[in-house]
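Structural overview for review
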Amino acid sequence: MTKNLLELHQISKSYEEELILEEISLSVQPGTAIAITGNSGGGKTTLLSIMGLLQKPTSGQITMNGLEASSLDQKKQAKIRGESIGFVFQRARLISSLTIQENVLLPAWFVRKEKEIVERAQQLLSYFELEHRLNHKPQQLSLGQLRRVALARALLLQPPLLLADEPTNDLDPALADIVAGALLQARNQGTGVIIVTHDPALAQKADHHFRLEQGNLIQVK
Ligand SMILES: Nc1ncnc2c1ncn2[C@@H]1O[C@H](COP(=O)(O)OP(=O)(O)OP(=O)(O)O)[C@@H](O)[C@H]1O
Ligand SMILES: [Mg+2]
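So, how was this worked out
Residues numbered from 1 in each chain as written. Chains lettered and ligands numbered in written order. Predicted model: local features only at pLDDT ≥ 70, side-chain atom pairs only at ≥ 80, totals over all residues. Heavy atoms only, no water. Helix = DSSP H or I, 4+ residues; strand = E, 2+ residues; numbered from the N terminus. Contact = heavy atoms within 4.5 Å. Axes fitted to C-alpha atoms, helices over the stretch in contact; angles between N-to-C directions. Parallel < 35°, antiparallel > 145°, perpendicular 65-115°, else oblique. Left-handed = near helix turned anticlockwise from the far one by under 90°. Buried < 20%, exposed > 50% of the residue type's maximum accessible area, 1.4 Å probe, protein only. Phe/Tyr/Trp six-rings, centres within 6.5 Å; stacked < 30°, edge-to-face > 60°. Lys NZ or Arg CZ within 6 Å of the ring centre and 35° of its normal.

Before going further, it helps to spend a moment on the environment of serine 84. Within the fold, serine 84 resides in helix H2 (residues 74–84). In this structure, the C-alpha to C-alpha distance between serine 84 and glycine 52, residues 32 residues apart in sequence, is 9.5 Å. Apart from the residues lying within four places of it in its own chain, the contact partners of serine 84 are Pro159, Pro160 and Leu161.

Pasting the structure below:
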């Protein structure tokens, strides 16, 4: 039996007294894309950050490749994040003192820094139509450009799990298609892709689609 890449077992999350996520269970297989839609404030970003081991659930477990990850200490969780998870945050978190190319290369800092990885960073940036911005700083880029830089960074090391929070926001339709294509293409190398989106067309292109409604995940597709 193949192990699921990621499993959520009855994940609940409350902020103070307010229940945001209620006993959510979900399995993610390698090479599949799951779209999650839902109202603003419904808990999609919260769910993604719990999947990415950035935040602890109030209750429930997370397993990654069969390993119980939710109860590991912070150092072990950070190792899993660095090695196995690519993030595209809703607010692109780039380092303002580094150039665009250096920001994209950041995940490779502790892993490897050969010529090949620099070339891959440049290829990704030109795929996202940013080849003329390699040596700019993040504060010199538009929101849509920053979002594509964050995506290039997340794709750099071909992580087994890719978590993308509204990745096509701030993009014109042509670029939104390019970004959606890159996310879905990551499946071909076995990456499990979770895409939070308000875009119904993108949700439709994923293998599965869930709506987060009043703390529950409801399968649409
Ligand atoms: N650190 C926090 N402390 C307290 N409440 C929080 C915290 N983070 C989020 N919330 C609340 O949890 C709810 C869910 O927030 P979340 O960011 O997960 O929503 P979302 O579905 O991603 O919304 P959007 O579509 O607007 O991005 C919101 O009501 C928010 O105010
Ligand atoms: Mg959000």
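With their axes 11 Å apart at the nearest point, helix H5 (residues 143–155) and helix H6 (residues 173–185) run at an angle of 15 degrees to one another. When the interaxial angle is binned, H5 and H6 end up roughly parallel. In the crossing of H5 with H6, the sense of the turn from one axis to the other is left-handed. Along the contact surface, H5 presents Arg148, Leu151 and Leu155, while H6 presents Leu175, Val179, Ala182 and Leu183.

Turning our eyes to something else, we now look at unusual backbone geometry. Its identity as a non-glycine residue notwithstanding, glutamate 23 has a phi of 45 degrees, on the positive side. Here glutamate 23 shows up in strand E2 (residues 18–28). The backbone of asparagine 65 shows a phi angle near 50 degrees, a positive value even though the residue is not glycine. Among the structural elements, asparagine 65 can be located in the loop between strand E4 (59–64) and strand E5 (67–68). Look at asparagine 65 and you get partly exposed, because its relative accessible area is 45%.

In this description, a pair of aromatic rings is defined by centroid distance and the angle of the planes. Scanning the model with the defined rule gives two aromatic pairs in all. Seen in terms of ring centroids, phenylalanine 87 and phenylalanine 89 are 5.2 Å apart; in terms of plane orientation they differ by 5 degrees. Their pairing is stacked. Their ring planes at 70 degrees and their centres at 5.3 Å tell us that tyrosine 127 and phenylalanine 128 sit as a pair that is edge-to-face. Judged by its relative accessible area of 0%, phenylalanine 128 is buried. Lying over the aromatic face of phenylalanine 89, arginine 93 brings its terminal NZ or CZ to 3.9 Å of the ring centre.

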